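# Report on the structure
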Amino acid sequence: MKPSIKTNDLSPKQILANVEQGKAEPIYYLYGDEPFKLREFTDKFQDAFLGEQADRSFSVDRLDGSVCSVSEIIDTAATTGFLFSASNESAGRRLVFVRQAQSLKNTEKLLPWCEEQRSVGGGSSVVLLLGDSLDGRKKLHQWFRAQGLAVEFKKAADRELVQWAQYLAKKRGITLSGEAVESLAFLCDGSLNRLDQEIEKAWLYRGGSAGIELAARDVAAVASQDVSHEMADFVAAVLEGKRVRALLSCGKVVRSAEDALGFVGFCVWAIKNPERFRSTGSLLRRGQVQTALLGLERLDRKLKSSGAEPQSLLNEFILQVTE
């Protein structure tokens, strides 16, 4: 049984407020089941601590706790920023990220350094240890909790999903109808990463411009739960330029205008997120991204207004963008 740990944790908002006031602690331990919350926090922490530096290439270090040593972490944190100068102290700040921190070995060696840094008020460096969990049997983890320097990022509760949906929409300069928020909360199944993806797809489906309001029908048009493996294969075939395979897939997958609109939304999302949908590589190599996006825009208009048979319109689009 793990021993109980005294906790004096600060909230993420309190920590960010302290950092913005120049009161950053020299080290924090961040962990939990919701990686999206953690990413949002670390992005904001980086902005608050490093400020508006144009180039952070020499201000941020990233280590892996499963392979690096405690000594390496300490040495990295002690390195003066490349752009340091007496007249511009903030330019010499250094932020050290250590992922897989739960895998660090000999963590007891880090404790004296942590205590020393806190006793002298830290310096121009901050270490962020990023772990999956916190182990109450380890003295270092007990110390983090007792000092209020351990921050847990839990899965979003149902009541949080509405706030997160509105926040993520606001970041894109758009709003959500009440019905759209309800649909998104249902679709994301508690995952903020999926919530963000569903909002992004629906937004791109509507044109990707600021100032629009997403309705429930926009969310439903490109909902992930409606994107089957067959639809994903269909989109991949089109983006890879495989004409015969794309035409055959179209006949199997598209049975209605809704299916066709789902293809349009999914395709736009895939093109604009190549890191998440790798089959866009061929399209990029052929220099046809803009052509494909314009073709999808025309296809969307035709599907909504022409009354033509959806498969015929899709076949026409496939012939235009594939070889």
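As shown above, the structure is provided for reference.
Note that the structure is predicted; figures quoted are calculated from it, not measured.

Attention now goes to the packing of helix 7 (residues 178–188) against helix 8 (residues 192–205). Interaxial distance between helix 7 and helix 8 falls to 9 Å at its minimum, and their mutual angle equals 135°. Between helix 7 and helix 8, the crossing angle belongs to the class labelled oblique. Regarding helix 7 and helix 8, the two cross each other, and that crossing is right-handed. Residues Leu184, Leu187 and Cys188 of helix 7 form the contact with helix 8, whose participating residues are Arg194, Leu195, Glu198 and Ile199. Its residues assigned to classes, the contact of helix 7 with helix 8 shows five nonpolar, no polar and two charged.

The subject of this paragraph is the nonpolar core. With 57 residues, the main nonpolar core has Leu176, Leu195, Phe234, Phe263, Leu296 and Leu299 as its most contacted residues. With 10 residues, the top contributor of residues to this core is helix 12 (residues 257–272). Setting aside residues no more than four positions away along its own chain, Leu176 makes contact with Ala165, Gln166, Ala169, Val181, Leu184, Ile199, Glu213 and Leu214. The next biggest cluster of nonpolar side chains, apart from the first, holds 43 residues, and it includes Phe41, Val60, Val96 and Val98.

Along its 17 residues, helix 14 (residues 289–305) runs 25 Å from first to last C-alpha, staying within 8% of the 24 Å computed at 1.5 Å per residue. Listed in full, the buried residues belonging to helix 14 are Ala292, Leu293, Gly295, Leu296, Leu299, Asp300 and Leu303. Projected down its long axis, helix 14 carries its buried residues within an arc of 160°, all on one side. Turned more than 90 degrees away from the buried face of helix 14 sit Gln290 and Ser305, all of them exposed. Gly307, located one to two residues past helix 14, shows a positive phi value of around 80°.

Calculation rules
- Residues numbered from 1 in each chain as written.
- Predicted model: local features only at pLDDT ≥ 70, side-chain atom pairs only at ≥ 80, totals over all residues.
- Heavy atoms only, no water.
- Axes fitted to C-alpha atoms, helices over the stretch in contact; angles between N-to-C directions.
- Helix = DSSP H or I, 4+ residues; strand = E, 2+ residues; numbered from the N terminus.
- Parallel < 35°, antiparallel > 145°, perpendicular 65-115°, else oblique.
- Left-handed = near helix turned anticlockwise from the far one by under 90°.
- Contact = heavy atoms within 4.5 Å.
- Nonpolar A, V, L, I, M, F, W, Y, C, P; charged D, E, K, R; others polar.
- Core = buried A, V, L, I, M, F, W, Y, C linked by side-chain atoms within 4.5 Å.
- Buried < 20%, exposed > 50% of the residue type's maximum accessible area, 1.4 Å probe, protein only.
- Expected span 1.5 Å × (residues − 1).
- Arc of directions from axis to C-beta.

Purely spatial values, then, with no claim about function.
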